[in-house]
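# Coordinate analysis (summary)
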Amino acid sequence: MGKLCGLCGNDNGEQNDDLQMMDGTQASDVVSFGRSWVVPDGDSKCWHDCNGECKSCDERSVAKYSGDIYCGLLVKKDGPFRECHVVINPKGFVDGCIYDVCLNGGLQSLLCQALKTYADACQAAGARVYSWREQSRCPRVCPPNSHYESCGSACPATCLNPQAGEKCKRPCIESCQCNEGFVLGAQGCVPTKGCGCMYKGLFYPPGLKLWVDDKCQQSCICDPVTGSVTCRDTPCKPTEACQVLNGVRGCWPKSKASCIRGGGSHYMSFDGFKFDFQGTCMYLLAGLCEQKKGMEPFQVELQNEHRGSTVLAYPWLVRVTVYNHVIVMSRDNAGKIMVDGLWVNPPLTLDGNHLSIIKTGFNGIVQTSFGLKVTFDWSHWVVVTVPSTYQGALCGLCGNYNLQTSDDLKMKGGSPASGTAVIPGCTIWRKL
Ligand SMILES: [Ca+2]
Ligand SMILES: [Ca+2]
């Protein structure tokens, strides 16, 4: 008490000294007060004042938003908050409500938020609040298998504690409550029997795959029907190692490799084979060619162009196909990324965070949760990185990633190209 400082004041029980500035003196206005507590963060585009003329609320608007169907509902004598008035003085809430709603042209969501703030404070203080959402046109939409209650239990039944409500002593809260036969689980209201599994003292949601030992010898799954964990022996593949990545233990790739399509006509395959290639058609740079269980298919295609000289070819367009999405980056629209025919504004995640599309510096990057990463600077460089789980299963100009450079001139269909083999429609390979 009395030992704090900052915009929130000093907590000494006195209201009239709360405009204390950092140097200990009292500010004459809130702008000077706010300015004194600024924390330098290198942001040159912030202001302490309104940055121009401060908006204000005219008398007519104040009168309008003080009415019963707006903020005035908070103080209405026979309104839904009537029993709370003696518990919590609504004055500050009404003033704040009128200010916010008025400056935002009567924005309904702000009105609803202001009413909810007071309703929550009242209920937390034990005061009864009557139904207010209909009168103020603030409907609340509840998630599946739940319904709205203006005074619902603050201790809802959960998967871990189905009897939580029986001994609840906390005041009721406005909330969405699970329907009869449902309880609150990790993914919202779930059927009482669909909660998940208790295993070795820990609770797991249904369908979750987990490793129960630290060597990834046994993989287990929580069966949503039986509510029990079933395990089977499934050690990691030779290209994988049992380790913790992003907080999750599992069989993760041991390593990764990159194929580089560099400036001019230079290429370096996943296995490190270097060659020059001047073709200007659309080529498969890298893709999954041997369908193997548990491997997500993908394709990275590349089209080159001549710029002035026909001796050199530069990357012009990169097209990534993965998770049934097509992502295109083209030099014609440098800096832009198209997904499924539409321009997008990165960063963007799709397919439940399995696919992310980002921009950093001069690069557009397509990344997947299985470890594929495609980088293009819209001009000279294309880099494709794949995890070691894809070893030997790839094809395209980047090679098969079998850790041998000698077989990287493999053509579509499997036969190795000679040093001067012709790629359909285009030009020649030149081994460095
Ligand atoms: Ca004070
Ligand atoms: Ca190879």
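See above for the structure.
Residues numbered from 1 in each chain as written. Chains lettered and ligands numbered in written order. Predicted model: local features only at pLDDT ≥ 70, side-chain atom pairs only at ≥ 80, totals over all residues. Heavy atoms only, no water.

The subject of this paragraph is the coordination of the calcium ion (ligand 2). Here the calcium ion (ligand 2) is held by Asp271 (OD), Asn400 (OD1), Asn402 (OD1), Gln404 (O), Asp407 (OD) and Asp408 (OD), and the distances to it run 2.2 to 2.4 Å. Around the calcium ion (ligand 2) sit six donor atoms, and with donor-metal-donor angles ranging over 77 to 168 degrees the site reads as octahedral. Each donor residue of the calcium ion (ligand 2) lies on the same chain, and together they follow the pattern D-x128-N-x1-N-x1-Q-x2-D-D. (Donors = N, O, S within 2.8 Å, 3.2 Å for Na, K, Ca; no water. Tetrahedral: all angles 85-135°; square planar, octahedral: opposite > 155°, others 65-115°.)

Moving on to the coordination of the calcium ion (ligand 1). Within the protein, the atoms that donate to the calcium ion (ligand 1) are Asn10 (OD1), Asn12 (OD1), Glu14 (O), Asp17 (OD) and Asp18 (OD), at distances of 2.2 to 2.4 Å. Written as a sequence motif, the donor residues of the calcium ion (ligand 1) are N-x1-N-x1-E-x2-D-D.

A separate point is the packing of aromatic side chains. To describe a pair of aromatic rings, one takes the distance between the centres and the angle between the planes. A full pass over the atoms with the stated rule returns 13 aromatic pairs. On the numbers, 6.0 Å between centres and 70 degrees between planes, the contact of Tyr323 with Phe370 is edge-to-face. Linking Tyr323 in the loop between strand 17 (309-322) and strand 18 (325-330) with Phe370 in the loop between strand 23 (363-368) and strand 24 (373-376), this pair joins segments that are 47 residues apart in sequence. Both residues of the pair, Tyr323 and Phe370, count as buried. Every member of this aromatic cluster is reached through a ring pair, and the members are Tyr267, Phe273, Phe275, Phe277 and Tyr283. Over the aromatic face of Tyr130 sits the side chain of Arg82, whose NZ or CZ is 4.0 Å from the ring centroid. (Phe/Tyr/Trp six-rings, centres within 6.5 Å; stacked < 30°, edge-to-face > 60°. Helix = DSSP H or I, 4+ residues; strand = E, 2+ residues; numbered from the N terminus. Buried < 20%, exposed > 50% of the residue type's maximum accessible area, 1.4 Å probe, protein only. Lys NZ or Arg CZ within 6 Å of the ring centre and 35° of its normal.)

This part covers the sheet that holds strand 20 (residues 342-344). Read across the sheet, seven strands follow the order 20-19-18-17-16-15-26 without closing on themselves; strand pairing throughout is antiparallel. Both outer strands of the open sheet, strand 20 and strand 26 (394-395), are each paired with one neighbouring strand and no more. In this sheet, strand 26 lies alongside strand 15 (residues 282-288) in antiparallel orientation, the contact comprising two bridges. Bridge pairing in strand 26 places Leu288 opposite Leu394. (Pairing = 2+ DSSP bridges.)

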